[in-house]
Amino acid sequence: IINDLPPEIIVQILHAVLEEIFNFPYFLGGYYLSALKDLTVVCTLWKFTIQNSPTFWTIIESSNTPDEMGYMLRKAANCLVTFKHLLDSGQDVFPEGGFDGFDFLDFASSNMPRCSSLSVAVKWCSQAARILGSPAPNLREATIVASLYDIDEDLHLFDG
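Please read all numbers here as calculations on a predicted model, not as lab measurements.

Trainee: How would you summarise the sheet that holds strand β3 (residues 115-124) if you had to cite specific residues and measurements?
Mentor: Sheet architecture is open: four strands sit in the order β1-β2-β3-β4, paired in parallel fashion. Single-partner strands in this sheet number two, and they are β1 (59-61) and β4 (141-148). Strand-to-strand, the axes of this sheet are offset by a mean angle of 10°, without reference to chain direction. Bridge count for strand β2 (residues 81-84) against β3 is four bridges, and the pairing is parallel. Within the sheet, the bridge partner assigned to Val81 lies in β3 and is Cys115. In the packing of helix α4 (residues 66-75) onto the sheet, contacts are made with β1 and β2, and the angle to β1 comes to roughly 170°.

Written out as structure tokens, the structure is:
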């Protein structure tokens, strides 16, 4: 029966499911990419729909590997993206294991012109300074949480 639905209805259903997962706290298992992968194995139609719709690839989380982040950015094509750091987990900027020196904030700051939404948690304000100073002409919302203030100078937000 689901295969008889028009493609645009299937896209709406999948987006509704993923929106619920995206808003889930991480400690309860709300990893977006994992959910996206799970949905692609439901049936061939869902896999085709997800693989060929750039809007499904626009949420990039710090729990993703560097290769996954790059892949998602490419799959998102010209769509604006959301960068989400693990706000609920209490982790620092670097994921466990460190991804061999990969830094989520460097990745996000170099792609801020494509960012429409940002949420980041850091220990020190200076860790967020490079992302806060990156040009972000499409940014519509941002949440930056820094537990310790360590900067004596003014921060210029998003290049202006």
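Don't stop here, the text continues.
Trainee: Hey, could you go over the packing of aromatic side chains for me, with residue numbers and the actual values?
Mentor: This model, assessed by the stated rule, comprises three aromatic pairs. Note on Trp57 and Tyr71: the rings are 5.5 Å apart at their centroids and 90° apart in plane angle, and the pair reads as edge-to-face. Note that Trp57 is positioned in the loop between α3 (44-51) and β1 and Tyr71 in helix α4, a separation of 14 residues in sequence. The class of Tyr71 is partly exposed, set by a relative accessible area of 35%. Between the aromatic rings of Phe83 and Phe104, the centroid separation amounts to 6.2 Å while the plane-to-plane angle is 80°, which identifies the pairing as edge-to-face. You can see Phe83 sitting in strand β2 and its partner Phe104 sitting in helix α5 (residues 104-110), a full 21 residues away along the chain. Each of the two residues, Phe83 as well as Phe104, counts as buried. Members of the aromatic cluster, connected to one another through ring pairs, are Phe83, Phe104 and Phe107.

Trainee: Help me get a handle on helix α6 (residues 125-132), residues and values and all.
Mentor: Burial in α6 covers these residues: Cys125, Gln127, Ala128, Ile131 and Leu132. One side of α6 carries all its buried residues, which in axial view fall inside an arc of 150°. Those residues of α6 that are buried lie in contact with α5, β3 and β4.

Trainee: Tell me about the environment of Cys79, residues and numbers included.
Mentor: Along the chain, Cys79 turns up in the loop between α4 and β2. With a relative accessible area of 21%, Cys79 lands in the partly exposed category. With 25 residues separating them along the chain, Cys79 and Pro54 place their C-alpha atoms 6.8 Å apart. Aside from chain neighbours lying at most four places away, what touches Cys79 is Pro54, Thr55, Thr58 and Arg114.

Trainee: Can you tell me about the pattern of salt bridges, naming the residues and giving the values?
Mentor: Scanning all chains against the criterion turns up one salt bridge. A salt bridge links Lys37 to Glu68; the shortest N-O distance between them is 3.2 Å. A residue pair is termed long-range when its members are at least 10 positions apart, and Lys37 in helix α2 (residues 32-40) and Glu68 in helix α4 qualify at 31 residues. The class for Glu68 is partly exposed, based on a relative accessible area of 22%.

Trainee: Requested: an account of the packing of α2 against α3, with residues and values cited.
Mentor: As a packed pair, α2 and α3 sit with axes 7 Å apart at the nearest point and diverge in direction by 135°. Taken together, the axes of α2 and α3 lie oblique to each other. For the pair formed by α2 and α3, the contact residues are Leu36, Leu39 and Thr40 on the first element and Trp46, Lys47 and Ile50 on the second. Its residues assigned to classes, the contact of α2 with α3 comprises four nonpolar, one polar and one charged.

Trainee: Outline the pairing of β3, supporting the account with residue identities and numerical values.
Mentor: Within a regular strand, side chains alternate between the sheet's two faces. Of all ten residues in β3, eight are buried, a share of seventy percent or more. As judged from the seven bridges shared by β3 and β4, these two strands associate in the parallel manner. Following the sheet pairing, Val122 is matched in β4 by Ala146. Between β3 and its parallel partner β4, the chain crosses via α6, and the hand of that crossover is right-handed.

Conventions and cut-offs
- Residues numbered from 1 in each chain as written.
- Predicted model: local features only at pLDDT ≥ 70, side-chain atom pairs only at ≥ 80, totals over all residues.
- Heavy atoms only, no water.
- Pairing = 2+ DSSP bridges.
- Helix = DSSP H or I, 4+ residues; strand = E, 2+ residues; numbered from the N terminus.
- Axes fitted to C-alpha atoms, helices over the stretch in contact; angles between N-to-C directions.
- Contact = heavy atoms within 4.5 Å.
- Phe/Tyr/Trp six-rings, centres within 6.5 Å; stacked < 30°, edge-to-face > 60°.
- Buried < 20%, exposed > 50% of the residue type's maximum accessible area, 1.4 Å probe, protein only.
- Arc of directions from axis to C-beta.
- Salt bridge = Lys/Arg side-chain N within 4 Å of Asp/Glu carboxyl O.
- Parallel < 35°, antiparallel > 145°, perpendicular 65-115°, else oblique.
- Nonpolar A, V, L, I, M, F, W, Y, C, P; charged D, E, K, R; others polar.
- Right-handed = clockwise from strand over helix to strand, strands pointing away.

Just geometry here; none of it tells us what the structure is for.
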